Amino acid sequence: MKKFMLSTFTLTVGLVLAACGDSEENTGNAESTETNTASETAASEANQELNWALGVDPDGLDPHMTTAASTFQVSNNIYDTLVKVTPEGEYVPGLAENWDVSEDGQTITFYLEEDVLFHDGSDFNADDVVYSFERLQSDSSARSADYASLTEYEALDDYTVEFYTEALDVNLLGKFAYPWAAIVPEDADDELTNSPIGTGPYVLENWVPQQELSLTRYEDYWGEPAHIQTVNFQSMPDTTSQITSMLAGELDVIGITGDLVDQFEGQEGFKITEEPANSLQLMAFNTDHEALADERVRQAITMAVDKDALINTVWYGYGDKIGSHYPPILRGYVDHSESLSYDPDAALELLEEAGYPNGEGIELDMYLPSAYPAYVSAGQVIADYLTDLGITVSIHNVEWAVWLSDIYTARNYDLTVTGHTGRLDPYTLLARYHTDSPENYMNYSNEQVDELLENVQVEQDEAARDEIYAEIQNILAEEVPGFYIQSPIGLRVTKDKLEGLETYPIDIIELKDVHFVE
Amino acid sequence: MQNVMKRLFNGLVVVLFISLFTFLVIYWIPGDPAAIALGTEASPAQLALVREEMGLNDPFIVQYFNWLVQALTGNLGNSFSFGEEVTILISQRLPVTFALTILSLLISVPLGFVIGTLSALYKDSWFDSLARTLMQLGNATPGFWLGLIAIYFIAYQLGWFPIAGFVPLSEGLWASVHSLMLPAVIMSIGQVGSIIRITRSSVLSALQEEFMLNTQMNALTKTKTLFKYVFRYAATGPITVIGNTAAALFGGTILIEEIFALPGIGRLLMHSVTQRDLILLQGVVIFITTMVVVINLLTDFLVDTVNPARRSA
């Protein structure tokens, strides 16, 4: 009864406000408070609209000049790549209809799609491809290092391009599928940051940074056109505002964290989807530390922490437990989630064996990046377990900039909690365990791992490569240069009428396939 | 006139000092802005290039003077993260923050003035006690918390206002004002208390002045007295407070703009801090400082105009 009165009151007030305001904005508001009838009617109309909340603004829309995930989630819909990737991680044609790889694996020839138009009306051809990769390799590009191995490339004719790599790259195809390998029109340059021109299914309509970014369907798209006419990304940094807007029906999609599931569970009109991510979270050990150099100490620490409890406490249970540096959704995963599982007594025995009875004499400095509250919480929980083991842990919260320079680059730490994002190819994820890798911030060194990492780069047989990756996973699970916690599960709340939103092994959103159902 | 020049000069010194101070603070903050911009995948060569681009390789004093010389010609440099001139970014955000400030002043000033005057006239009555209690409460309640509560109950449950986001003026004056109304009210709640307090005490002390005896002897009505003598005498305090309030509102919009997703100066400042966009950060800080100094100067002149006794002082 109370509820009825409240909604009647709401409706009345809404109508009154709408009546005196005479602007569309008000009418929209009054309707949206009445659950989401608005979206249901919208679904039957031709001019559909999708409203999406952005917590972080894109760092410009030039795909070659940034590394920000917030950019690629949007820009991926404006630009196309030569090769595309499916949710299962398979390569399928993009702007390239098909391709040939030479016997030695060093030359790849792309046959391009014809009759493709850029958003500015110009024709797409091989020169645009060459120009885009030149731009991607230029000094000002954020990814130049990744593409330095493409030493020669040229347009054989208007619709054929040949690339040559100096060193054999067994995962060459992946290089052409990442959203930063986007094809831009020849001669387009700095203006792409604010006025992107691509061949993709959506055209940038309007962008007011920190306010709103809207895309409209590109009617001359070369492939299957998008379903939804307009996509509005609304810049909304505060989580509470996002949730409230979602509840009010003003948004169609938001990302949430585990603690907020209750807000939407059982609510009519919404659905929650779990999305395994191609990433992992761990507590890294600096193996240069006297005690941490001993693998028994690292194993003891691993066994001293109840991983399930940790995931439940910090991530509300939304994570897949792992035991090696490898997320379950990546091809070639070996399940080590139960290796060195929680056993505090065995941990104490191992410590004693290593010469540290009751953890005496081990003092560790743990650095936690304050920009990531979950990592800070995880670190605190782990430190608690370590104290039970008799190990002294001092926690230092550091700013992200400090973490990057002092911890990640200068390696001045004993323990730190962080995360790593995988690529299409497992190699990039594991390469940091090579003794000479500049990204080996754990100072880990194992000749066998070094050799495996070197071999895998020249192994052309995919099954043989997966075997090598499995072997590396086994070694890491045994020697634990990191305490491997979990592969996070992303949570997304959408209107239940929204379909076609897929999860990809790279951090992109494919808006083209999204649609509303009745 | 000499007085005016002196104050202008003082204001300029303040702005200069603040610019040097922020530059120093930014310089001493640990962490490499180039590393922030490039993330965990940057190569040393790229880092070096970006540092050079950002002018981070020059000695401190050179960096500062380069910036200052440019700033004096009205060029606050280019934002690294937006790839846009700082002055343009500020001018895009200014209308939102400006409108928000004006709107909350329009709410808090009349409200504070009326309640403060009534409180003074009916000192120690139930109204006075209620007003003072509410004032304390308003002062003590954090704005961001009130904002979140208001979003849930007033914007969502009642649906009186949009939940978040700014409607630009181009879509109609009413819609635009409507989108700023709730945050403006929240901001006024934090400010109205000090206006009430100072109005109340100014009016109280005016009522106790000797000239009030004359008005009673001249048998003037209470209302006439109030408007003819008391307000004029008592105005100094409230005007100063309004100036301070305007300055505080202008510089204090960060949390409110974050919560209500308004694209104003506060959001810009927040972005510059998290992205370590130093040039932008410096520009925004200097802009806010200058605005605060200007508001204070204007307040001073206004006080002088209203109360001639201050002019010679």
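Details of the nonpolar core
Then, in step 1: L50, L82, F110, F133, F163, F176 and L215 of chain A are the most contacted members of the largest nonpolar core, which totals 62 residues.
Then, in step 2: Ranked by the residues each element gives to this core, the list is headed by helix α5 (residues 126-137) of chain A, at six residues.
Then, in step 3: For F133 of chain A, the contacting residues outside a window of four places in its chain are L82, Y147, L150, Y153, F163, F176, A181 and I183 of chain A.
Then, in step 4: M246 and F264 of chain A together with I186 and I195 of chain B belong to the second largest nonpolar core, which has 46 residues in total.

Focus on the sheet that holds strand β7 (residues 160-165) of chain A
Residues and elements named next belong to chain A.
Then, in step 1: Taken together, four strands build an open sheet; the order of strands is β4-β5-β7-β6 and the sheet is antiparallel. Looking at the sheet topology across the chains shown, the edges are occupied by β4 (96-101) and β6 (150-157). On average, each strand axis in the sheet is tilted by 20° relative to the strand beside it, whichever way the strands run.
Then, in step 2: Strand contacts of α5: β5 (107-112), β6 and β7, with the helix running at about 165° to β6, the strand carrying the most contacts.

A closer look at the packing of aromatic side chains
Then, in step 1: Throughout the structure, instances matching the rule amount to 34 aromatic pairs over all chains.
Then, in step 2: Taken together, a centroid distance of 5.7 Å and an interplanar angle of 85° make the contact between Y433 of chain A and Y444 of chain A edge-to-face. Of this pair, Y433 of chain A sits in the loop between α13 (426-430) and α14 (447-456) while Y444 of chain A sits in the loop between α13 and α14; the two residues are 11 residues apart in sequence, bridging distant segments of the chain. Taken as a pair, Y433 of chain A and Y444 of chain A share a single burial class, namely buried.
Then, in step 3: Here a set of aromatic residues connected by ring pairs shows up, and it is made of W99, F110, F133, Y147, Y153, F163 and F176 of chain A.
Then, in step 4: Against the face of Y147 of chain A rests K175 of chain A, its NZ or CZ located 5.9 Å from the ring centre.
Then, in step 5: Taking NZ or CZ as reference, R93 of chain B lies 5.5 Å from the ring centre of F82 of chain B, over its face.

Quick notes on helix α9 (residues 307-315) of chain A
Residue and element names in this part refer to chain A.
Then, in step 1: For α9, the set of buried residues is K307, L310, I311, V314 and W315. The buried residues of α9 all sit within an arc of 95° when viewed along its axis, so they share a single face.
Then, in step 2: Looking at where α9 begins, the residue whose side-chain oxygen comes 3.3 Å from the main-chain nitrogen of D308 is D306.
Then, in step 3: Note on α9: the residue one or two positions beyond its end, Y316, has a positive phi of about 55°.

What about the side chain of Q106 of chain A?
All names here are of chain A.
Then, in step 1: On the secondary structure map, Q106 appears in the loop between β4 and β5.
Then, in step 2: Residue classification places Q106 among the buried positions, given a relative accessible area of 17%.
Then, in step 3: When sequence neighbours within four positions are dropped, the list of residues in contact with Q106 reads F163, Y164, T165, E166, A167 and L168.

So, the packing of helix α5 (residues 86-121) of chain B against helix α6 (residues 126-140) of chain B
Residue and element names in this part refer to chain B.
Then, in step 1: Their axes nearest at 8 Å, the elements α5 and α6 cross at an angle of 135°. The orientation of α5 with respect to α6, classified from their angle, is oblique. With respect to the hand of their crossing, α5 and α6 are arranged in left-handed fashion. Contacts between α5 and α6 pair I115, L118 and S119 from the former with F127, D128 and A131 from the latter.
Then, in step 2: Considered class by class, the residues forming the contact of α5 with α6 number four nonpolar, one polar and one charged.

Thoughts on the side chain of S235 of chain A
Then, in step 1: Tracing the backbone through its elements, the reader meets S235 of chain A in strand β10 (residues 230-235).
Then, in step 2: The class of S235 of chain A is buried, set by a relative accessible area of 6%.
Then, in step 3: Of note is the side chain of S235 of chain A, whose polar atom sits 2.7 Å from the side chain of R267 of chain B.
Then, in step 4: Excluding residues within four positions of it along the chain, S235 of chain A makes contact with L54, D57, Q210 and Q211 of chain A together with A261 and R267 of chain B.

Details of the packing of α14 of chain A against helix α15 (residues 462-479) of chain A
Residue and element names in this part refer to chain A.
Then, in step 1: Look at α14 against α15: their axes get within 10 Å of each other, and the N-to-C directions meet at 160°. It follows that α14 is roughly antiparallel to α15 by the angle criterion. The element α14 and its partner α15 pack so that their crossing is left-handed. Along its contact with α14, which presents Q448, V449, L452, L453, N455 and V456, the element α15 presents R465, I468, Y469, E471, I472 and I475.
Then, in step 2: When grouped by side-chain class, the residues that make up the contact of α14 with α15 number eight nonpolar, two polar and two charged.

Cut-offs and rules
Residues numbered from 1 in each chain as written. Chains lettered and ligands numbered in written order. Predicted model: local features only at pLDDT ≥ 70, side-chain atom pairs only at ≥ 80, totals over all residues. Heavy atoms only, no water. Core = buried A, V, L, I, M, F, W, Y, C linked by side-chain atoms within 4.5 Å. Buried < 20%, exposed > 50% of the residue type's maximum accessible area, 1.4 Å probe, protein only. Helix = DSSP H or I, 4+ residues; strand = E, 2+ residues; numbered from the N terminus. Contact = heavy atoms within 4.5 Å. Pairing = 2+ DSSP bridges. Axes fitted to C-alpha atoms, helices over the stretch in contact; angles between N-to-C directions. Phe/Tyr/Trp six-rings, centres within 6.5 Å; stacked < 30°, edge-to-face > 60°. Lys NZ or Arg CZ within 6 Å of the ring centre and 35° of its normal. Arc of directions from axis to C-beta. Polar contact = N/O pair within 3.5 Å; in protein donor to acceptor, adjacent residues only side chain to side chain. Parallel < 35°, antiparallel > 145°, perpendicular 65-115°, else oblique. Left-handed = near helix turned anticlockwise from the far one by under 90°. Nonpolar A, V, L, I, M, F, W, Y, C, P; charged D, E, K, R; others polar.

Nothing here speaks to function; it is geometry throughout.
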